[in-house]
Amino acid sequence: MSTWLASSFLSKDRIVAKPGFNRWLVAPAALAVHLCIGQVYAFSVFNLPLTKVLGVTESLPEDWKLTELGWIFSLAIMFLGLSAAFAGKWLEQVGPRVTMFCSALCFSGGFFIAAAGIALHAIWLLYLGYGVLGGIGLGLGYVSPVSTLIKWFPDRRGMATGLAIMGFGGGAMIGAPLGVLLMKHFASATSVGVAETFMTMGGIYLVFMMIGAFTIRLPEEGWLPVNFQPDTRKNKLITDKHVHVEQVLKTPQFYLLWLVLCLNVTAGIGVLGQASAMSQEMFKDQITPEKAAAFVGMLSFFNMGGRFFWSTLSDYLGRKSTYFTFFMLGCVLYSIVPYTGRMNNVWLFVGCYAVIMSMYGGGFSTIPAYLADIFGTQYVGAIHGRLLTAWATAGVAGPVLVNYLRQSQIDQGVPKADAYNMTMQIMAGILVLGFFCNLGIKAVDEKHHLKHDQVNDEFDTA
């Protein structure tokens with residue numbers, strides 16, 4: 001396999017840019033992939049139609065239940081984390097074109113297999129297709145361009161990662177209306193149009209992801225931007241050394257960063273899943289289901305914009321200070337949210353949520369640059385992949401924690417409008433824990449650094 005890759009058009013050597021290449025052309029290649037795989041955040045638009053595959057106009061007893069369909073998204077996120085963790089090291093060996101190419105095949109293939117599952121009414125094919133295979137495509141596509149962008153933008157690491165990961169946050173803004181439009185187009189007296197929509201979207205995403213894969217480029221060894229002047233200010237948290245992906249697991253910094261990401265995402269993803277219900281229950285006479293839907297759409301915008309804003313700002317504030325802002329400001333905002341209902345202040349509620357969601361997205365886009373600062377750039381893709389297991393953990397812990405706490409409050413007779421009070425206070429407490437984890441992050445001990453002649457040994461022999 002390695003021999004074939006070395007001699008093929010997918011080879012890592014074939015995508016090294018020639019002198020004079022415009023590094024800004026790498027950003028659209030990354031966006032082409034992330035805007036596609038970000039569709040996963042819009043999967044919920046298919047849930048209700050999938051409950052009527054047999055009945056078409058209404059659900060039949062034999063149709064799938066929402067509880068069964070909910071596992072598709074959960075599997076996709078779980079396999080995103082797992083594939084990113086296990087494929088990160090492979091990414092550094094074979095280069096971003098191979099992994100983006102494989103991501104395109106897996107993600108689009110997941111749509112095709114899921115479409116077959118709908119046609120055959122076999123739920124396990126949806127689990128296998130969109131959940132497992134599509135989830136693997138998500139993980140490969142998520143980590144593929146990140147380390148490449150960091151290498152191209154040593155002067156703007158935060159901005160570079162924000163450019164790509166912003167696309168993942170915004171993918172739903174394209175995927176949701178596209179899915180609804182296609183289902184409406186393909187719907188008929190005998191079909192809800194989901195299978196046909198899956199086939200079409202799979203084909204569209206395959207084309208755009210392949211464009212990204214074949215336009216990605218790597219810089220030459222030792223390349224630096226013209227007139228680039230490294231920051232001469234002493235910053236112990238920004239290293240010019242490298243830590244091997246296997247050695248990084250022996251450092252306390254990796255586990256502290258894992259907790260930093262996990263705790264930030266747990267709080268954010270937990271309330272994100274309840275945003276619509278919370279807004280309607282806290283402001284029963286003011287927020288209708290239609291307004292709640294618009295509110296959720298607005299949160300997607302702030303989730304996307306925050307990924308670029310906060311990661312770019314981190315180039316000036318520093319990564320550690322940016323996360324301090326997430327945890328301190330987030331703690332205040334989570335504590336305020338319950339009182340907005342008592343004050344009947346919808347705009348304060350919306351404002352708090354908008355900033356919270358921007359920091360939720362910003363946490364994702366800032367973490368790769370944080371890793372590059374702490375562990376160096378050579379293996380950052382592999383390290384980032386392993387750290388994304390924190391996302392998989394938070395993706396389960398956050399919603400479960402919020403849902404069970406809310407139901408527990410209601411079971412004890414607490415009005416629905418007040419059922420989120422304890423939840424938001426606990427989320428604020430989670431952010432306090434994140435604050436202290438971030439506080440504990442120091443420079444990596446020199447004993448973990450690779451010597452200069454060790455940096456490329458593994459890749460030269462791969």
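Quick notes on the rules
Along each chain, the written sequence defines residue order, and numbers are assigned to residues from 1. Totals for whole chains, interfaces and linings use every residue, but because this is a predicted model, local features are given only for residues with pLDDT of at least 70 and side-chain atom pairs only at 80 or more, for both listing and counting. Processing note: side-chain calculations cover all non-hydrogen atoms of the structure and skip hydrogens and water entirely. Among buried residues, the Ala, Val, Leu, Ile, Met, Phe, Trp, Tyr and Cys ones that are joined through side-chain atoms within 4.5 Å form a nonpolar core. In this scheme, a residue with accessible area under 20% of its type's maximum is buried, one over 50% is exposed, and one in between is partly exposed, where area comes from a 1.4 Å probe on protein chains only. Note on conventions: DSSP H or I runs of at least 4 residues are helices, E runs of at least 2 residues are strands, and numbering of each starts at the N terminus. Domain segmentation is taken from an automatic or database assignment of domains. What makes two residues a contact is simply this: any of their non-hydrogen atoms within 4.5 Å. Patch building starts from residues that exceed 30% relative accessible area and form no salt bridge, then joins like charges within 9 Å and nonpolar side chains (Val, Leu, Ile, Met, Phe, Trp, Tyr) within 5 Å. Note that accessible areas follow from Shrake-Rupley with a 1.4 Å probe, and for residues the cover is restricted to the protein chains shown. Each salt bridge in this description consists of a side-chain nitrogen of Lys or Arg and a carboxyl oxygen of Asp or Glu lying within 4 Å of one another. Any pair of cysteine sulfurs within 2.5 Å is marked as a disulfide. Given the number of residues in a helix, its expected span is that number minus one, multiplied by 1.5 Å. When residues are sorted by character, Ala, Val, Leu, Ile, Met, Phe, Trp, Tyr, Cys and Pro go into the nonpolar class, Asp, Glu, Lys and Arg into the charged class, and all the rest, Gly among them, into the polar class. Here the bend at a residue means the angle between the axes of two seven-residue stretches, the one that ends at it and the one that starts at it. Centres within 6.5 Å make a pair out of two Phe, Tyr or Trp rings, where for Trp the six-membered ring is used; the pair is then stacked when the planes are under 30 degrees apart, edge-to-face when over 60, and tilted otherwise.

As annotated in an unreviewed UniProt entry, the protein carries the name Nitrate/nitrite transporter NarK and comes from Methylobacter tundripaludum.

Participant: Is there a simple way to think about the nonpolar core in this case?
Facilitator: The tendency in soluble globular proteins is for nonpolar side chains to be buried as a group. With 130 residues, the main nonpolar core has Leu 50 and Phe 375 as its most contacted residues. With 16 residues, the single largest contributor to this core is helix α14 (residues 346-375). Looking at which domains feed residues into this core, each of domain 1 (14-222) and domain 2 (235-453) gives three or more. When residues no more than four places from it in sequence are discounted, the contact partners of Phe 375 are Thr 239, Lys 241, His 242, Val 243, Val 248, Thr 251, Gln 253, Phe 254, Leu 257, Ile 383 and Val 444.

Participant: Could you clarify how one ought to interpret a nonpolar patch on the surface in this entry?
Facilitator: Residues Ile 204, Val 207, Phe 208 and Ile 211 make up a contiguous nonpolar surface patch of roughly 330 Å² in combined accessible area. Examined against the element boundaries, Ile 204 turns out to sit in helix α9 (residues 194-215). Given the relative accessible area of 30%, Ile 204 is considered partly exposed.

Participant: Just to check I follow, could you spell out the environment of Phe 301 for this structure?
Facilitator: If you trace the backbone, Phe 301 turns up in helix α12 (residues 289-317). Sequence separation between Phe 301 and Gly 341 is 40 residues; the distance between their C-alpha atoms is 23 Å.

Participant: Explain the state of the cysteines here, please?
Facilitator: Note: disulfide means a covalent bond formed between the sulfur atoms of two cysteine side chains. Taken as a whole, this structure holds 0 disulfides when the rule is applied. Cys 102 provides the cysteine sulfur closest to Cys 106, a residue in no disulfide bond, and the two sulfurs are 6.4 Å apart. A relative accessible area of 15% places Cys 106 in the buried class. There is no disulfide at Cys 262, and the cysteine sulfur nearest it, in Cys 437, is 9.7 Å away.

Participant: What is the right way to read helix α16 (residues 389-411) from this model?
Facilitator: It helps to recall that an α-helix has 3.6 residues per turn; residues three or four apart then point in one direction. Spanning 23 residues, α16 covers 33 Å between terminal C-alpha atoms, matching the ideal 33 Å at 1.5 Å per step. Within α16, burial applies to Ala 390, Trp 391, Ala 392, Ala 394, Gly 398, Val 402, Leu 405, Arg 406 and Gln 409. Just beyond α16, the residue with positive phi is Gly 413, at close to 90°.

Participant: Would you mind showing me how to read the domain arrangement of the protein here?
Facilitator: Frequently, the measure chosen for interface size is the accessible area that the parts lose on association. The domain architecture assigned to the protein consists of domain 1 (14-222) and domain 2 (235-453). Computed from C-alpha coordinates alone, the two centres of domain 1 and domain 2 are separated by 23 Å. Contacts between the two partners involve 30 residues from domain 1, matched on the other side by 34 residues from domain 2. Where domain 1 meets domain 2, there are 1 salt bridge. The partner of Arg 157 in a salt bridge is Asp 373, with the nearest N and O atoms 2.7 Å apart. At 12 residues, the largest contribution of residues to the side of domain 1 that touches domain 2 is made by helix α8 (residues 157-186). Of the residues that constitute the side of domain 1 that touches domain 2, the class distribution is 17 nonpolar, 8 polar and 5 charged.

Participant: Got a minute to help me understand helix α13 (residues 319-342) in this structure?
Facilitator: Helix length check: α13, at 24 residues, gives a terminal C-alpha distance of 36 Å against a target of 34 Å (1.5 Å per residue), a fit within 8%. Residue Ile 336 marks the point of greatest curvature in α13, where the axis turns by about 30°; the proline Pro 338 follows within four residues. Of the residues flanking the end of α13, it is Asn 344, one or two places downstream, whose phi is positive at about 55°.

Participant: What am I meant to see in the packing of aromatic side chains here?
Facilitator: Aromatic ring pairs are reported here in terms of the distance separating the ring centres and the angle at which the planes meet. All told, the structure shown has 32 aromatic pairs when counted by the stated rule. Ring geometry for Phe 21 versus Trp 152: centroids 5.4 Å apart, planes at 40°, classification tilted. Remark: Trp 152 occurs in helix α7 (residues 146-152) and Phe 21 occurs in the loop between α1 (2-7) and α2 (26-37); sequence separation between them is 131 residues. By relative accessible area, Trp 152 is classed as buried at 2%. Measuring from ring centre to ring centre gives 4.7 Å for Phe 364 and Trp 391, while their planes differ by 55°; the resulting arrangement is tilted. Remark: Trp 391 occurs in helix α16 and Phe 364 occurs in helix α14; sequence separation between them is 27 residues. For Trp 391, a relative accessible area of 2% puts it in the buried group. Three or more aromatic residues joined by ring pairs make a cluster, and in this case those are Phe 43, Phe 46, Phe 107, Phe 111, Tyr 130, Phe 198 and Tyr 205.

Participant: How do you make sense of the environment of Gly 20 when you look at a structure like this?
Facilitator: Along the polypeptide, Gly 20 turns up in the loop between α1 and α2. Under the relative-accessibility criterion, Gly 20 is labelled exposed at 80%. Note: C-alpha distance between Gly 20 and Val 226 (206 residues apart in sequence) is 10.0 Å.

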